[in-house]
Amino acid sequence: MLYGKNDQSKKATYLQPIFGSSASERDIPKYKLGADPIEPRIAYQLIKDELLDEGAARQNLATFCQTYMEPEASLLMGETLEKNAIDKSEYPRTAELENRCVNMIADLWHAPEQETYMGTSTVGSSEACMLGGMAMKFRWRARAKAVGVDISGQRPNLVISSGYQVCWEKFAVYFDVELREVPMTADKMSLDISDITSYFDDYTIGVVGILGITYTGCYDDIAGLDAVLTDYNQTAKISIPIHVDAASGGMYTPFMSPELKWDFQLDNVVSINTSGHKYGLVYPGIGWVLWRDKTYLPEELIFSVSYLGGDMPTMAINFSRSASPIIGQFYNFMRFGFNGYKAIHQRTHDVARFLAETVESTGRFTLYNAGEQLPIVCYRLKDEDKQEWTLYELADMLQMKGWQVPAYPLPADLSDTIIQRYVVRADLSMNVAEEFAEDFKWAIAKLDDSRFLRRKDENKRVQGFTH
Ligand SMILES: *Cc1c(COP(=O)(O)O)cnc(C)c1O
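Residues numbered from 1 in each chain as written. Predicted model: local features only at pLDDT ≥ 70, side-chain atom pairs only at ≥ 80, totals over all residues. Heavy atoms only, no water.

**Student:** How would you summarise the packing of aromatic side chains if you had to cite specific residues and measurements?
**Tutor:** A complete count under the given rule lists 19 aromatic pairs for this structure. Ring geometry for Phe 336 and Tyr 341: centres 5.6 Å apart, planes at 80°, overall edge-to-face. For Tyr 341, a relative accessible area of 1% puts it in the buried group. Between Trp 403 and Phe 436, the aromatic rings sit 5.0 Å apart at their centres with planes inclined by 85°, giving edge-to-face as the arrangement. (Phe/Tyr/Trp six-rings, centres within 6.5 Å; stacked < 30°, edge-to-face > 60°. Buried < 20%, exposed > 50% of the residue type's maximum accessible area, 1.4 Å probe, protein only.)

Dropping the structure here:
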């Protein structure tokens, strides 16, 4: 071995303190491009450091989104990042995996044998809801024209409970549809169907049933809604379909409450969306939407992309995106199977029940959801007026132990009620939940021991991520 004169710059690189490079000592501009490249290792470390004081995702009880996947799934997803989901020609095998996922989901949601279901992956439920909403709007328009309704006479409308997720408000604004909100009531934390036909007219494009209201985790009575519509549609000029927003429930309910009818078993349910990155157990970036039959998917909304010399129909708002979340979804389906998903969700449910019991046992709270239906625990403070502290202080106190627990007012008409919510996910094990329970009791004791001075109007904020 021969050695030559040392490269001085290299030597400097490795003798510098902190991360061992002059680059780590340099002031790198934050809001414009730096002039010169830096070493990949240093860039990696500096960015990791930037992200250091973000909360620990697994202590985040606010989000529905998946915060853990198995190393094999992460590896596979990391190795498939370059695959473009829209490029069916270059990646036909990836397209085939997407196709299989759609078929598996259709089976899970009881798509009827005699109809030809269609479906696609999306970035998440929001995109999926836009597609579902658009299909209803276009189909309404064609039918309204056919029966002689003056389609420019009034804006089309969509009926939904006031507990909707913000994506429906986006849909209404982006696609110029009136959102007709059915108020949630104190004793009905989901869609009130008792008087729902009064919201309908010839301009109603559809009704959304929510399988898992984001605020409370309660299910809308979709079977009840279906019965109302069967009746209504017999004499309606333009029949009204149901779209089920099953962002959370779509990949939870079929495993945990298989007897519940909410899906394509109900005649008026024409389309359903779900978030693969919620109880589908995939990292963020994947949703699904399915129609029970192609008649519910107007042709104008379908675009062709080339596929192995031919054409393939697509429906999407996005064009290019990585296919790795689709592959992650397929991995989970193959790896867990029906019973695997069921076992995971059962554990999640048990943890939610345990946390609900912990909350209940303090005698200080009224529960809206005790982990039944979706594995969500949601409650308000009893005798709020008599309490020295609010749920916001409780959230702050829990934050001191690293837990992120949101507190926020309920939607329109109930906005005087402040609630707190835990979303229990698969990666919150019973051991960790027990630690949380200890911290929860500690926080209450600590607050009871404290004095608060507060401005009277300092109320009703939103603390933490609520969707
Ligand atoms: C989370 C959620 C959405 C939005 O889903 P993303 O996948 O985050 O876009 C829509 N509807 C409901 C009921 C939700 O819970």
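**Student:** Give me helix H10 (residues 324-361): which residues, what numbers.
**Tutor:** Between its first and last C-alpha, H10 extends only 44 Å over 38 residues, short of the 56 Å set by a 1.5 Å rise per residue. At Gly 337, H10 is deflected by roughly 90°, the largest bend along its length. Looking one or two residues beyond H10, the residue adopting positive phi is Gly 363, at roughly 70°. (Helix = DSSP H or I, 4+ residues; strand = E, 2+ residues; numbered from the N terminus. Expected span 1.5 Å × (residues − 1). Bend = angle between axes of the 7 residues up to and from the residue.)

**Student:** Break down the sheet that holds strand E7 (residues 287-291) for me, citing the residues and quoting the values.
**Tutor:** Strand order across the open sheet formed by 7 strands is E1-E7-E6-E5-E4-E2-E3, with mixed pairing between neighbours. Strand pairing shows two members of the sheet lacking a second neighbour, strand E1 (118-122) and strand E3 (178-182), which therefore form its edges. Between one strand and the next, the sheet's axes are offset by a mean angle of 20°, whatever the strand orientation. Of the pairings in the sheet, the one linking E1 to E7 comprises 5 bridges and is antiparallel in character. Pairing of Thr 122 across the sheet is with Gly 287, part of E7. (Pairing = 2+ DSSP bridges. Axes fitted to C-alpha atoms, helices over the stretch in contact; angles between N-to-C directions.)

**Student:** How would you explain the confidence of the model for the protein chain if you had to name every residue and give the values?
**Tutor:** The pLDDT averaged across the protein chain works out to 91; a share of 93% of its residues lies at or above 70. Every residue in residues 11-17 is under pLDDT 50, and counting partners more than four places away or in other chains gives 12 contacts. (pLDDT = per-residue confidence, 0-100. Contact = heavy atoms within 4.5 Å.)

**Student:** An account of the domain arrangement of the protein chain is needed here, citing residue identities and associated values.
**Tutor:** By the assigned domains, the protein chain splits into domain 1 (12-49) and domain 2 (77-332). Put simply, the middle of domain 1 and the middle of domain 2, counted by C-alpha atoms, are 46 Å apart. (Domains from an automatic or database assignment.)

**Student:** Lay out the nonpolar core with the relevant residues and their values.
**Tutor:** Within the largest apolar cluster, 97 residues are counted, with the highest numbers of intra-cluster contacts made by Leu 158, Trp 168, Ile 196 and Val 244. Among the elements that make up this core, the one with the highest residue count is helix H6 (residues 125-146) (9 residues). In this structure Ile 196 touches Val 159, Val 182, Leu 191, Val 207, Leu 225 and Val 228, once residues within four positions along its chain are discounted. Residues Leu 61, Val 351, Tyr 392 and Leu 394 belong to the second largest nonpolar core, which totals 30 residues. (Core = buried A, V, L, I, M, F, W, Y, C linked by side-chain atoms within 4.5 Å.)

**Student:** Provide a residue-level description of the pairing of strand E2 (residues 157-161), including the pertinent values.
**Tutor:** The element E2 is largely enclosed, with a buried count of 5 among its 5 residues. Residues Asn 157, Val 159 and Ser 161 point to one face of E2 and Leu 158 and Ile 160 to the other, with burial holding for every one of them. Pairing of E2 with E3, which is carried by 5 bridges, proceeds in the parallel orientation. Residue pairing in the sheet places Val 159 in a bridge with Arg 180 of E3. Regarding the hand of the β-α-β motif, the stretch spanning E2, helix H7 (residues 166-174) and E3 is right-handed. (Right-handed = clockwise from strand over helix to strand, strands pointing away.)

**Student:** Tell me about unusual backbone geometry, and name the residues and values.
**Tutor:** For Asp 176, which is not glycine, the phi dihedral falls at a positive 55°. Along the polypeptide, Asp 176 turns up in the loop between H7 and E3. For Asp 176, a relative accessible area of 44% puts it in the partly exposed group. At Gln 373, a residue that is not glycine, the phi angle is positive and equals roughly 55°.

**Student:** So what about the pattern of salt bridges? Which residues, and what values?
**Tutor:** Pairs may arise between side chains of opposite charge once their charged atoms sit close together. With the rule as written, the count across this model stands at 14 salt bridges. Glu 98 is the salt-bridge partner of Lys 88, the closest N and O atoms lying 2.9 Å from each other. Residue Lys 88 is found in the loop between helix H4 (71-78) and helix H5 (92-108), and its partner Glu 98 is found in helix H5; the two are separated by 10 residues along the sequence. For the pair shown, Lys 88 and Glu 98 are each scored as buried. Asp 202 is paired through a salt bridge with Lys 237; the nearest N and O atoms lie 3.8 Å apart. (Salt bridge = Lys/Arg side-chain N within 4 Å of Asp/Glu carboxyl O.)

**Student:** Can you break down the packing of H4 against H10 residue by residue, with the values?
**Tutor:** Closest axis-to-axis distance for the H4/H10 pair is 9 Å, and the angle between their directions is 150°. The orientation of H4 relative to H10 falls into the category roughly antiparallel. The handedness of the crossing between H4 and H10 is right-handed. Counted together, Glu 72, Ala 73, Leu 76 and Met 77 of H4 and Ser 324, Pro 325, Ile 327, Gly 328 and Tyr 331 of H10 form the full contact between these two elements. Of the residues that constitute the contact of H4 with H10, the class distribution is 6 nonpolar, 2 polar and 1 charged. (Parallel < 35°, antiparallel > 145°, perpendicular 65-115°, else oblique. Left-handed = near helix turned anticlockwise from the far one by under 90°. Nonpolar A, V, L, I, M, F, W, Y, C, P; charged D, E, K, R; others polar.)

**Student:** With reference to specific residues and values, describe the UniProt feature "modified residue: N6-(pyridoxal phosphate)lysine" (unreviewed entry) in the protein chain.
**Tutor:** Mapped onto this numbering, the UniProt entry gives "modified residue: N6-(pyridoxal phosphate)lysine" (unreviewed entry) at Lys 278. For Lys 278, the location among the structural elements is in the loop between strand E6 (269-275) and E7. Owing to a relative accessible area of 10%, Lys 278 belongs among the buried residues under this scheme. Discounting chain neighbours no more than four positions away, the residues touching Lys 278 are Phe 64, Gln 66, Ala 247 and Ser 248. (UniProt positions renumbered as here; feature names shortened; annotations may be inferred.)

**Student:** Which residues make up the sheet that holds strand E11 (residues 376-381), and what are the values?
**Tutor:** Strands sit in the order E10-E11-E13-E12 across an open sheet of 4 strands; the sheet is antiparallel. With one partner strand each, in any of the chains shown, strand E10 (365-370) and strand E12 (407-409) form the two edges of the open sheet. Strand-to-strand, the axes of this sheet are offset by a mean angle of 30°, without reference to chain direction. Across 3 bridges, E12 lies against strand E13 (residues 418-423) in antiparallel orientation. Of the residues in E13, the one forming a bridge with Ala 407 is Gln 420. Packed onto the sheet, helix H11 (residues 391-400) meets E10, E11, E12 and E13 and runs at close to 35° relative to E13.

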